[in-house]
Amino acid sequence: MKLTYRPEIDGLRAVAVIAVILYHARITILDQNFFQGGFIGVDIFLVISGYLITSLILKELNTTGNFSFLYFYQRRARRILPALFFIMLASLPLAWVYLLPTDYVDFSKSILYSIGFSSNFYFHFTGLEYGALEGLLKPFLHTWSLSVEEQYYIVFPVLLLIIYKFFKKNLLILLLIALVISFFIASWTSVKFPSASFYFLHTRMWELLAGSILAYLEIKNQRRWFFSNKLINRILTLLGIILIGHAIVFYNDDTLHPSAYTLTPIIGVCLIIWFAHKDEIITKIFSSKIFVGTGLISYSLYLWHYPVFALFRYSLASGSLLKKILIIIFIILASIFTFFFVERPFRNRKKMSVQLLIKFLLILVVPLILVNIYVIKNNGFDNRYVFDKINLDNGFYLKERQKYNSKEKISSFEVNKKKKILIIGNSHGQDTFNIFKLNEELFTEYQFSRIGVEIYCLESFLIDKTFCNEKVDQTHLNNFANSDVIVLSTRWRDLDKEKLEKILINLKKSDKKIILTTSAPEFKTFGRFTMIDKFILSNGRLPNENEIIKYKKKYYNSYINNKSINSTNKFLKLLAMKNNVRILDKELYLCNHEEKTCEIFTNNGEKINFDRDHYTIAGAKYLGNKIYKNDWFKIK
């Protein structure tokens, strides 16, 4: 069953894919990113998919009284799988060249989950935040949306057929109820469980159903409704463009999404789909060759752009505007090739029979599965980036740190005469805890425990014993009650600083000694690599003594020129003085202002930092020893 071709829909696809590409390109003009809300391009795709898929299903049901699942899924396979598998295969050698072993394993796992249309679950349960720096280095993070769509294609046709057969009169009402339920779940979970809300089908279904409802109304009434006044139709179509444009320009990574904010671009897409008319100027623009052409290759553009950007960022190359433009040109050329030589041949049922389609897909997917299983089994060939005691795969240090902290489970303070020190904060608080816990034999007069939570969550804890309205473990409650000293050690966020004075005032009422720590020195990184990693990678060897001194100074300059850290530390010191609270400066055990250097290696030649601001286990052990010797933490 064929649908009436609407070229402006391809034009709308062009807008969606351009927005997504420019968002991920992180292009700034005069220090402004005008596409910071470009992620809503995915939402545009979802509405279009809901509209087209529902149109196909309902037209077939109305015409034949039945629905061929076999034909439906064959069409989906022809449309989605060949280009996806081809680009995955093309990325394998580049991943071998550029990805560190830990990321190579993650890369392989993401491909396997993508093949099974479940990468959205994989990225959620691995704790990956879309739009964050970590996510920008994952070549197939963007396949989460394909997984959501495929899950929809599996569930929706079955449900629609059942409703059509047995509840046909109530079809529109049931679609509306499902949309409203999904929308309210999305709005609620975007606050409580933002990752699940972002990645899962049940919170994205309302966007697909918005398109489905348009398709139902159009088919039921045999046409789209237009106002007799053409000016109103033009205004509503223009309003749709304005709503989409507003979201692209003014939304950003802090916008709750999907949520009520997402209504703006969704309504905009619906207005364009519904009111676009071939005689209107806006429809003519969207139906122009450049828009339609871009729309036709939009699937290939979407598939190519993310792995290319991710691997480029990983390659240590600078992200200049010129280079980004050249990358986009490459993406366009690769997408044109993929469209004409992969997508179109596989969609042509006359030239590509079902049997031939299956054979070709097996030829593509079997090597993909086998190679990636082999990569995972061999831990990404984890000896590729080891230089003596230095491992350039910083994922190794992160896992080592996680393993240590999972082994050192938080337990209640013991009843003894030792001062009980409770360290509160995020991953920087974890580093502070490790510094002392790894050197317990030195700090014999203290007991240490920690609570891993953002500082601003203490506001609710001091009122109702919850952390940001989440229930608190009894061990944490006991440790807080029994602690003698509270140490606030964190990577300070704006919200922490905003609420800190009120938190300090309330904490002091607990009759405990309060200690603040400054932000840890942060150093320049290149994607996954620290400055010293980049040197080792580029030279294929460890630095000599003179080069180490040179890089110590580079680290110092990197830290001292970090305006954000300097501003935060100045704020903390003034606030500590105002509230008569002791503050410990973390730079004192890592950097030397007289020599203008910061430490890079331990005495044993192991790395102290494995990224811009976190310590290796060896680094934490070394720094704890320094702290003990210079009495940085001495409590009277």
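Look a little higher up for the structure.
A brief look at the structure comes next. (Residues numbered from 1 in each chain as written. Predicted model: local features only at pLDDT ≥ 70, side-chain atom pairs only at ≥ 80, totals over all residues. Heavy atoms only, no water.)

1. A word on unusual backbone geometry
Inference 1: Omega for the bond connecting H257 with P258 falls within 30 degrees of zero, at 0°, which places this linkage in the cis form.
Inference 2: Mapped onto the elements, P258 comes out in the loop between helix 11 (230-250) and helix 12 (263-275).
Inference 3: The phi dihedral of F381 is positive, around 55°, even though this residue is not glycine.
Inference 4: Mapped onto the secondary structure, F381 falls in the loop between helix 17 (354-377) and strand 1 (386-387).
Inference 5: Taking relative accessible area as the criterion, F381 reaches 21% and is therefore assigned partly exposed.
Inference 6: At K465, a residue that is not glycine, the phi angle is positive and equals roughly 60°.
Inference 7: Here K465 is to be found in the loop between helix 20 (458-464) and strand 5 (466-467). (Helix = DSSP H or I, 4+ residues; strand = E, 2+ residues; numbered from the N terminus. Buried < 20%, exposed > 50% of the residue type's maximum accessible area, 1.4 Å probe, protein only.)

2. Some thoughts on the packing of helix 2 (residues 41-64) against helix 10 (residues 205-220)
Inference 1: Relative to each other, helix 2 and helix 10 sit at 40°, their axes nearing to 7 Å. Relative to helix 10, helix 2 is oriented oblique. Between helix 2 and helix 10 lies a crossing of right-handed hand. The segment helix 2 lies against helix 10, with D43, L46, V47, S49, G50, Y51, T54, S55, L58, K59 and N62 engaging E207, L208, G211, S212, L214, A215, Y216, E218 and I219. (Axes fitted to C-alpha atoms, helices over the stretch in contact; angles between N-to-C directions. Parallel < 35°, antiparallel > 145°, perpendicular 65-115°, else oblique. Left-handed = near helix turned anticlockwise from the far one by under 90°. Contact = heavy atoms within 4.5 Å.)

3. Quick look at the side chain of N434
Inference 1: Looking at where N434 falls in the secondary structure, it is placed in helix 19 (residues 427-437).
Inference 2: Every residue in contact with N434, bar those within four places of it in the chain, is listed here: R401, Y404, N405, I617 and A620.

4. Structural notes on the pairing of strand 7 (residues 485-488)
Inference 1: Neither face of strand 7 is open: one carries V485 and V487, the other I486 and L488, and all of them are buried.
Inference 2: Pairing geometry for strand 3 (residues 419-425) and strand 7, over 4 bridges, is parallel. Opposite L422, over in strand 7, you have I486 as the bridge partner.
Inference 3: As paired elements, strand 7 and strand 8 (residues 513-517) share 4 bridges and run parallel to each other. If you follow L488 over to strand 8, its bridge partner there is L516.
Inference 4: In this region the chain leaves strand 7, passes through helix 22 (residues 494-508) and returns to the parallel neighbour strand 8; the handedness of that crossover is right-handed. (Pairing = 2+ DSSP bridges. Right-handed = clockwise from strand over helix to strand, strands pointing away.)

5. Section: the pattern of salt bridges
Inference 1: Counting across every chain of the model gives 27 salt bridges.
Inference 2: Notably, a salt bridge pairs R234 with E280, separated by 2.7 Å at the nearest N-O pair. Highlighted residues: R234 in helix 11 and E280 in the loop between helix 12 and helix 13 (281-286), separated in sequence by 46 residues.
Inference 3: Residue K607 is joined to D533 by a salt bridge in which the shortest nitrogen-to-oxygen separation is 2.9 Å. Taken as a pair, K607 in the loop between strand 13 (597-598) and helix 26 (617-630) and D533 in helix 23 (residues 531-539) lie far apart in primary sequence, 74 residues in all. The two residues K607 and D533 agree in class, both being buried. (Salt bridge = Lys/Arg side-chain N within 4 Å of Asp/Glu carboxyl O.)

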